[in-house]
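What follows is the residue order along each chain.
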Amino acid sequence: QVQLVESGGGLVQPGGSLRLSCSVSGITFSIYNSGWYRQAPGKQREMVATITSGSSTNYADSVKGRFTISRDNARNTGYLQMNSLKPEDTAVYYCNARFAFSIGDVYEYWGQGTQVTVSS
């Protein structure tokens, strides 16, 4: 079975840093696009950063210049390095993996989420 497990969340002060990890099993992660998403209380889920199987990246404007997404295909692991954290970054962070065999045959998997709290 496919499993994605996030880790690395926690409580950090404004201006601090955290590195989130996403351990993937059950799929050939190297051929999947991947991303990080977050959801704060009372708000919609939003894209934070994505990375394709070819390592092209995209970031939400709110995190550009502060966050870096990466992947280690040999270890089936994705990462999100978060620097200069702000209270507005507080949310549950989810990783995902996505692959489209064809239109209408899309496989997308999600982790359980990890809490990030930025507070003084």
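Draft legend 1. How the structure looks around the overall build of the chain. Helices and strands together make up the secondary structure of the chain, namely zero helices and eleven strands. Helices (α) and strands (β) of the chain occur, in sequence order from the N terminus, as β-β-β-β-β-β-β-β-β-β-β. Taking 120 residues into account, the globule formula puts the C-alpha radius of gyration at 14 Å, and the chain, at 14 Å, falls close to it. Viewed in the frame of its principal axes, the chain has a C-alpha envelope of about 45 × 30 × 25 Å. Looking at the chain residue by residue over its 120 residues, the buried ones come to 38%. In the chain, once contacts between residues fewer than 6 apart in sequence are set aside, the share between residues at least 24 apart is 54%. Between the averaged position of the 10 positive side-chain charges in the chain and that of its 8 negative side-chain charges there is a distance of 4 Å.

Draft legend 2. Spotlight on the sheet that holds strand 1 (residues 3-7). An order of 1-3-8-7 is seen for the four strands of this open sheet, with the pairing classed as antiparallel. With partners counted over all chains shown, the strands left at the sheet margins are strand 1 and strand 7 (67-72), one partner each. With direction set aside, neighbouring strand axes in the sheet form an average angle of 15 degrees. As paired elements, strand 7 and strand 8 (residues 77-82) share six bridges and run antiparallel to each other. Bridge pairing links Asp72 to Thr77 in strand 8.

Draft legend 3. Summary view of empty space enclosed by the protein. The full count for this structure, using the stated rule, is one cavity of 30 Å³ or more. By volume, the largest cavity is sized at about 40 Å³. Along its surface, the largest cavity is lined by Arg38, Gln39, Ala40, Lys43, Gln44, Glu46, Glu88, Asp89, Thr90 and Ala91. A class-by-class count of the residues in the lining of the largest cavity yields two nonpolar, three polar and five charged.

Rules used throughout
Residues numbered from 1 in each chain as written. Predicted model: local features only at pLDDT ≥ 70, side-chain atom pairs only at ≥ 80, totals over all residues. Heavy atoms only, no water. Helix = DSSP H or I, 4+ residues; strand = E, 2+ residues; numbered from the N terminus. Rg over C-alpha atoms; globule rule 2.2 N^0.38 Å. Buried < 20%, exposed > 50% of the residue type's maximum accessible area, 1.4 Å probe, protein only. Contact = heavy atoms within 4.5 Å. Lys, Arg positive; Asp, Glu negative; His and termini not counted. Charge placed at Lys NZ, Arg CZ, Asp CG, Glu CD. Pairing = 2+ DSSP bridges. Axes fitted to C-alpha atoms, helices over the stretch in contact; angles between N-to-C directions. 1 Å grid on protein atoms, 1.4 Å probe; cavity = no way out; pocket = protein on both sides within 12 Å on 5 of 7 lines; lining within 4 Å. Points joined across faces, edges and corners; volume = space filled by probe spheres on them. Nonpolar A, V, L, I, M, F, W, Y, C, P; charged D, E, K, R; others polar.

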